[in-house]
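Architecture at a glance
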Amino acid sequence: MGDSEPFDALMAMLDPPMVVVTAAVGGERGGCLVGFHAQSSIDPGRYTVWLSKANHTYRLALRATHLVIHFLGADEAALAARFGTLTGDEVDKFADLAVRAGPGGAPELLTHPHRVVLRRVALLDEGGDHVCVVTEPVAVHSTGRLAPLRLSAVAHLHPGHAAAERPHPVTERADPPGPR
């Protein structure tokens, strides 16, 4: 797609729910605020999340066997700010939070009412600035109803890593098939 303006305009009209994704490997843990995520299969159940190549959590998720998706409620802007504006390269985002190591060591935020523990089943790096991680649910915790925190409520936050920190070219792309 040559001109991204119509695509960008359409995407700006959407208001996706926000989640915090956590991962751990070898005693190192990380977490980040994510807006790119979705259920991606019914049978078998699959959930997909796209992680920015610029952040610490992405580097952990490449080696982690499990992730935890924490679905944020509309009243959890402070948690979104913590995981969306700080970088795990410099601070422990989990400090002062009730956390336990779940399957594969993935950090579960215990006071968080809506979360899914996921086992990583596939990774897709098609050359963009995010990597697609396909997972299967292994445990679900949910209490009560969820009114999700939306992108519009956190759009003012400045990420811990700027988009310019992503590798460029991000990844070599395969030649596209035939003329478009």
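Right, let's walk through the structure included here.

Rules behind the numbers
Residues numbered from 1 in each chain as written. Predicted model: local features only at pLDDT ≥ 70, side-chain atom pairs only at ≥ 80, totals over all residues. Heavy atoms only, no water. Pairing = 2+ DSSP bridges. Helix = DSSP H or I, 4+ residues; strand = E, 2+ residues; numbered from the N terminus. Patch = residues over 30% accessible without salt bridge, like charges linked within 9 Å, V, L, I, M, F, W, Y side chains within 5 Å. Areas by Shrake-Rupley, 256 points an atom, 1.4 Å probe, with all protein chains shown as cover. Salt bridge = Lys/Arg side-chain N within 4 Å of Asp/Glu carboxyl O. Buried < 20%, exposed > 50% of the residue type's maximum accessible area, 1.4 Å probe, protein only. Contact = heavy atoms within 4.5 Å. Polar contact = N/O pair within 3.5 Å; in protein donor to acceptor, adjacent residues only side chain to side chain. Axes fitted to C-alpha atoms, helices over the stretch in contact; angles between N-to-C directions. Phe/Tyr/Trp six-rings, centres within 6.5 Å; stacked < 30°, edge-to-face > 60°.

Time to look at the pairing of strand E3 (residues 37-41). Two elements, E3 and strand E4 (residues 46-52), share four bridges in a ladder whose sense is antiparallel. Bridge pairing links Ser41 to Arg46 in E4.

Turning to a nonpolar patch on the surface, a few remarks are in order. Nonpolar side chains collect at one region of the surface, where Phe7, Leu10, Met11, Met13 and Leu14 lie side by side and expose about 500 Å² of accessible area between them. On the secondary structure map, Met11 appears in helix H1 (residues 5-13). Taking relative accessible area as the criterion, Met11 reaches 37% and is therefore assigned partly exposed.

Enumeration according to the criterion identifies six salt bridges in this entry. Of the charged contacts, one joins Lys53 and Asp125 as a salt bridge, the two residues approaching to 2.9 Å between their closest N and O atoms. One end of the pair, Lys53, is in the loop between E4 and helix H2 (56-61); the other, Asp125, is in the loop between strand E8 (114-124) and strand E9 (130-142), and 72 residues separate them in sequence. Residue classification places Lys53 among the buried residues on the basis of a relative accessible area of 6%. Among the ionic pairs, Arg115 bridges to Glu108, the shortest N-O distance being 3.0 Å. There is no split in this pair, since Arg115 and Glu108 are both buried. One connected set of salt bridges, linked through shared partners, spans Arg46, Arg119 and Glu136.

What follows deals with the environment of His66. Along the chain, the position of His66 falls in strand E5 (residues 66-71). Along the backbone, His66 and Val121 are 55 residues apart, and their C-alpha atoms lie at a distance of 9.2 Å. Setting aside its immediate chain neighbours within four residues, His66 contacts Thr22, Ala23, Pro103, Gly104, Ala106, Val117, Leu118, Arg119 and Val138. There is a polar contact of 2.7 Å between the side chain of His66 and the side chain of Thr65.

In terms of burial, strand E2 (residues 28-34) is largely enclosed, as five of its seven residues are buried. Taken together, the seven bridges between strand E1 (residues 19-25) and E2 define a ladder with antiparallel strand orientation. Counterpart to Val20 in the pairing with E2 is Leu33. A loop of two residues connects E1 with E2, the two strands running antiparallel in sequence, and Gly26 in this loop sits at a positive phi of about 55°.

On to the sheet that holds E5. Here we have seven strands laid out as an open sheet, ordered E2-E1-E5-E8-E9-E4-E3, and antiparallel in their pairing. Both outer strands of the open sheet, E2 and E3, are each paired with one neighbouring strand and no more. With direction set aside, neighbouring strand axes in the sheet form an average angle of 35°. Of the strands in this sheet, E1 and E2 are in contact with helix H3 (residues 77-85), which crosses E2 at around 115°.

With that settled, consider the packing of aromatic side chains. Scanning all chains against the criterion turns up two aromatic pairs. Between Tyr47 and Phe71 the ring centres are 5.8 Å apart and the planes differ by 85°, which places this aromatic pair in the edge-to-face class. Placement of the pair is Tyr47 in strand E4 and Phe71 in strand E5, with a sequence separation of 24 residues. The pair Tyr47 / Phe71 is uniform in exposure class, with both members buried. Summarising the aromatic geometry, the rings of Phe83 and Phe94 are spaced 5.4 Å apart at their centres and angled 70° between planes, so their arrangement reads as edge-to-face. Within this pair, whereas Phe83 is found in helix H3, its partner Phe94 is found in the loop between H3 and strand E6 (99-101), the two being separated by eleven residues in sequence. According to the relative accessible area criterion, Phe83 is buried, its value standing at 1%. Owing to a relative accessible area of 3%, Phe94 belongs among the buried residues under this scheme.

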